[in-house]
Amino acid sequence: MSVFVALTEKQLPFELKAVDLSANANHEASYAATSLTRRVPTLVHNGFALSESSAITEYVDTVFEGVPLYPTGTQERARARQVQAWLRSDLMPIRHERSTEVVFYGAIKPPLSFEAQATAKKLFSVAEALVPPGGENLFGQWCIADVDLALMLNRLVLNGDAVPERLTSYARRQWQRPSVQLWVNQRRPPL
Ligand SMILES: N[C@@H](CCC(=O)N[C@@H](CS)C(=O)NCC(=O)O)C(=O)O
């Protein structure tokens, strides 16, 4: 999602190729030849292939003009990277119990375990410290870390879990961004 949004925000022409993970297509020789880590997403640009979404969005922001994907200030930029790295390496109970099926297929999952509830509290306290009251974005101007944080919050919001009002409004506003809506409304194969 973040790579799709990044390419769309930059108004770059690109071709999207789906990889069937359920058929282990990411381990086939043709895919492994482009993705060192055999994971999705992988960007291929002028023969250069790169996996790991935050590495890709940084690359895209560095190489292409247009809407900035990261804040321009050094410290805010570092903070945006911190948010991205944290969201990708922590909060596993939420990711397991509120998979992206909730977000992109409208699935509703059973109540959160105690562990996931504790994880949600941690997410809320970090997000409340970062999202300015009444602010639309984390760092004034929109950046790609807003998409990542909104996705994590929407795992809970869209399942109907209790989420602080301010964070719910933030996640819902971020979700209305046209590049995000383009991804949300992509045709997806049935589960
Ligand atoms: N931190 C990575 C995560 C990538 C990732 O977990 N990709 C999953 C699908 S969402 C994948 O390729 N799974 C297949 C596998 O690891 O074999 C990123 O942001 O790109």
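Residues numbered from 1 in each chain as written. Predicted model: local features only at pLDDT ≥ 70, side-chain atom pairs only at ≥ 80, totals over all residues. Heavy atoms only, no water.

Peer 1: Whenever I open this one, the site of the ligand confuses me. Can you help?
Peer 2: The full set of residues close to the ligand is Leu21, Asn26, His27, Arg39, Val40, Pro41, Glu52, Ser53 and Arg88. Residue Arg39 places a side-chain N or O atom 3.0 Å away from an oxygen atom belonging to the ligand. Residue Val40 places a main-chain N or O atom 2.9 Å away from a nitrogen atom belonging to the ligand. Contact with the protein chains covers 64% of the free accessible surface of the ligand, which is 500 Å². Looking at the shell around the ligand residue by residue, the class counts come to three nonpolar, three polar and three charged. (Near = heavy atom within 4 Å. Polar contact = N/O pair within 3.5 Å; in protein donor to acceptor, adjacent residues only side chain to side chain. Areas by Shrake-Rupley, 256 points an atom, 1.4 Å probe, with all protein chains shown as cover. Nonpolar A, V, L, I, M, F, W, Y, C, P; charged D, E, K, R; others polar.)

Peer 1: Hey, could you run me through the domain arrangement of the chain in this one?
Peer 2: A common way to express how large an interface is: the accessible area buried when the components associate. For the chain, the assigned domains read domain 1 (2-63) and domain 2 (74-181). In this structure, domain 1 and domain 2 have C-alpha centres spaced 23 Å apart. The partner domain 2 presents eleven residues to the eleven residues of domain 1 that form the contact. Summing both partners gives a buried area of about 860 Å² for domain 1 against domain 2, and 51% of it is carried by carbon and sulfur. Inspection of the region where domain 1 meets domain 2 yields three salt bridges. With its nearest N and O atoms 2.7 Å apart, the salt bridge here joins Arg177 to Glu9. At the surface where domain 1 touches domain 2, the tally comes to five residue pairs in polar contact (both at pLDDT 80 or more). (Domains from an automatic or database assignment. Contact = heavy atoms within 4.5 Å. Buried area = accessible area lost by both parts, 1.4 Å probe. Salt bridge = Lys/Arg side-chain N within 4 Å of Asp/Glu carboxyl O.)

Peer 1: Mind showing me how you'd approach the nonpolar core here?
Peer 2: One broad trend across soluble globular proteins is that nonpolar side chains are buried collectively. Met1, Leu123, Leu149 and Trp175 are the most contacted members of the largest nonpolar core, which totals 51 residues. Sorting the residues of this core by element identifies α1 (2-9), α3 (53-63), α4 (74-89), α6 (100-105), α7 (114-130), α8 (144-157), α9 (165-175) and α10 (178-184) as the ones contributing at least two each. No other element matches α8, which puts ten residues into this core. Here this core spans two domains, since at least three of its residues come from each of domain 1 (2-63) and domain 2 (74-181). Non-local contacts of Met1, meaning those with residues more than four positions away in its chain, are made with Phe104, Val147, Leu151, Trp175, Val180 and Trp183. (Core = buried A, V, L, I, M, F, W, Y, C linked by side-chain atoms within 4.5 Å. Buried < 20%, exposed > 50% of the residue type's maximum accessible area, 1.4 Å probe, protein only. Helix = DSSP H or I, 4+ residues; strand = E, 2+ residues; numbered from the N terminus.)

Peer 1: Teacher, can you tell me more about the packing of aromatic side chains here?
Peer 2: The description of an aromatic ring pair rests on the distance of the ring centres and on the angle between the ring planes. Summed over the entire model, instances satisfying the criterion amount to four aromatic pairs. Centroid distance Phe48 to Tyr59: 5.1 Å. Interplanar angle 40°. Geometry classified as tilted. Taken as a pair, Phe48 in strand β2 (residues 48-51) and Tyr59 in helix α3 lie far apart in primary sequence, eleven residues in all. Each ring, one from Phe104 and one from Trp183, has its centre 6.5 Å from the other, and the planes form 90°; the classification is edge-to-face. Of this pair, Phe104 sits in helix α6 while Trp183 sits in helix α10, and the two are 79 residues apart along the sequence. On the basis of relative accessible area, Phe104 is assigned to the buried category, the value being 18%. Trp183 sits in the buried class, given a relative accessible area of 18%. An aromatic cluster of three or more residues is present, and its members are Phe4, Phe14, Phe104 and Trp183. (Phe/Tyr/Trp six-rings, centres within 6.5 Å; stacked < 30°, edge-to-face > 60°.)

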